[in-house]
Amino acid sequence: MISGYSHNLSIQILVDLLIKHGIKKAVVSPGTTNLEFIAALQYNGDFEIYSSIDERSAAYMACGIAEESSEPVIIACTESTASRNYFPGLTEAYYRKLPIIAVTGIHRYYHIGTLFPQVIDRSVSPNDIAVCKAQLPIIKDKEDIKQTELLVNKALLAAKSSNSGPVHIDLPCCNDDYDFSCKELYNAHKIDRYEVGDKFPDLPNGKIAVYVGSHRNFTEEETEKLDAFCACHNSVVFCDHTSGYHGKYAVYAGLLSVQRKKYDIMSNIMCVIHIGEQMADWPTMTRLKAAKTTWRISPDGELRDTFGNLSNVFKMPLITFLKHYIDDGEKKDAYYKECSATKATLKIPYDKLPLSNVYAASKISAVLPSDSILHIGASNTVRAWSLFDLPNGAKSYGNVGCRGIDGVLSSAVGASLADNKHLHFCAIGDLMFYYDMNCLGNRDISGNLRIILINNNGGGIFKQSVAPGYRFFGDKATDEYIAAANHFGRGEKNVIKNYVESLGFKYISAKTKEEFDSVYSTFVSDKNTNSPVFFEVFTKDSDDRKAFDIMSSIDAPPENHAKQVAKQLLGPKGIDAVKKLIGR
Ligand SMILES: Cc1ncc(C[n+]2csc(CCOP(=O)(O)OP(=O)(O)O)c2C)c(N)n1
């Protein structure tokens, strides 16, 4: 008699999600590593189970059942050649788009190649046996649980989708310490996917916020519909300089999100409507993780669980989604007004800021010509520029797809060549520049390209107060190999000036705030300069650090700030030691 489910959470999550996704038919074959899974289906009692000794036959039987019933069918077997025998049936299912869910047991992945009996290497599959493959992790912590839930949801949704086919799940077994005493299945997190033509769910009651990561520029119609959606649901659009949205409800919350305080505008959100890809403004995305749930809208239909609480994916164009939820009801903008009022409470302390990446971003972002385009580099540059709004009409991009430091200059050059009617600005750090400097020799560069380089002699990002380099090793050791400082004449020689001038750039520079203030208007002037302009700003990495610290503590009382900094520098053990020393 089977007295309960295995305590193996991988099994429980898979079975719970099969039930939640309405998948009930199974053809199972005898074996050890799939035994817990089969026992769970058997114990549950609601599955329609068929037995087949021969796995090759089992997969073909499943094809017949799927075709006949129009339902997904599970097949389950153990490792070794048992699972290899699924190949013919799965290949047949692939070319007929039949929804077969192949579950193959495995002892442990680390056994692969160790001559452990029966363990074979299934890490690579032929292209045409499965539309989705999930190798479930061995569950050791909450993150493994989340990953298992996500992978299983992905596989089951792929099998159920309108353009389906077979899927393959590798399921680790419990490795000998069997325990079948669980009466209740783990309550796994289900993710649903909606396609055009499906019945859409109701929007949850409560605060709705839209979040847009990097996205191509919104069309007029997309902007108009998104604005209408916000007006209907009293919503706002949290976005950043890579979002491509320039509508009425845009909220750039970068500066608020780096403060210590939690602002109401980013709390108690019931649902985040998630659009776009990787984001520039990481802190705002992190704050919005506190929302109850996320609905993602993307034509690719992929399950991108950026916020860790994804519940619905809408595989469709944005406009299709928006149109469904726009109604004729009362138009509201209270939430938008609240966001604007909250933002207005933060006053930028220009006087306290030293010359730094942040200072340069604060000054230039305010006066960029309104029809210009800004290309933002990774590292400190994207962090700094995300703290400030740009003038209406200015567009901006960043290579945030991978956050590499290798190509933003080339991307800006490319864009300036493709669109020579507008000024293209590019903001970068020194390592970014040296990485990509050869592109400035391109023969087609013209007067619409302007580059601002913050030269802090190395990777300043590694020397921020919160960066592990600076926190654990200090300035000197970090400089040597982690921040790669002191190359290219330590920022003291005229390496860059000589290089860019010889290529025909107009070169300006600043080493103090006063110098900066006196020249930056030349850099942002909308007058055609005929030659491209290069603005080199020399900063100290300690000033870049200080500037970020000042900007992230605008709302913190000085005492709290001191405590916070001490915590960051000393860590919990250090704090205990100091408390002992001072007798508290
Ligand atoms: C191609 C690539 N190599 C390495 C990294 C790791 N990385 C991230 S930031 C950074 C330093 C960037 O230095 P710099 O351009 O001077 O900017 P700063 O940090 O001083 O603002 C590095 C090496 C990366 N993101 N991309």
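Owing to the predicted nature of the structure, the values given are computational and were not obtained by experimental measurement. (Residues numbered from 1 in each chain as written. Predicted model: local features only at pLDDT ≥ 70, side-chain atom pairs only at ≥ 80, totals over all residues. Heavy atoms only, no water.)

### Observations concerning the domain arrangement of the chain
Examined at the domain level, the chain breaks down into domain 1 (9–189), domain 2 (207–344), domain 3 (357–548) and domain 4 (554–581). Distance between the C-alpha centres of domain 1 and domain 3: 51 Å. (Domains from an automatic or database assignment.)

### Re the pairing of strand β6 (residues 167–172)
In terms of residue burial, β6 counts as a mostly covered element, since six of its six residues are buried. On β6, burial covers both faces: Val-167, Ile-169 and Leu-171 on one face and His-168, Asp-170 and Pro-172 on the other are all buried. Relative to β6, strand β4 (residues 100–106) runs parallel, the two sharing six bridges. Along β6, the bridge assignment pairs Ala-102 with His-168. Both strand β5 (residues 132–135) and β6 contribute to a ladder of four bridges, which runs parallel. By the bridge assignment for β6, Cys-132 is matched with Val-167. With respect to chirality, the unit in which β5 leads through helix α6 (residues 142–160) into the neighbouring parallel β6 is right-handed. (Buried < 20%, exposed > 50% of the residue type's maximum accessible area, 1.4 Å probe, protein only. Helix = DSSP H or I, 4+ residues; strand = E, 2+ residues; numbered from the N terminus. Pairing = 2+ DSSP bridges. Right-handed = clockwise from strand over helix to strand, strands pointing away.)

### Here's the deal with helix α12 (residues 357–367)
One full turn of an α-helix is made of 3.6 residues, so residues set three or four places apart face in the same direction. Of all the eleven residues making up α12, eight are buried; the element is thus mostly covered by neighbouring parts of the structure. Those residues of α12 that are buried lie in contact with α13 (379–385), β17 (449–455), α18 (513–524), β19 (533–538) and α19 (541–551). (Contact = heavy atoms within 4.5 Å.)

### A word on the sheet that holds β4
Taken in spatial order, the six strands of this open sheet run β2-β1-β3-β4-β6-β5, and their pairing is parallel. A strand with exactly one partner marks an edge of an open sheet, and here the two such strands are β2 (48–51) and β5. The mean angle between the axes of side-by-side strands here comes to 20°, regardless of whether they run parallel or antiparallel. Packing against the sheet, helix α1 (residues 9–20) makes contact with β3 (73–77), β4 and β6, and its axis sits at approximately 145° to β6. (Axes fitted to C-alpha atoms, helices over the stretch in contact; angles between N-to-C directions.)

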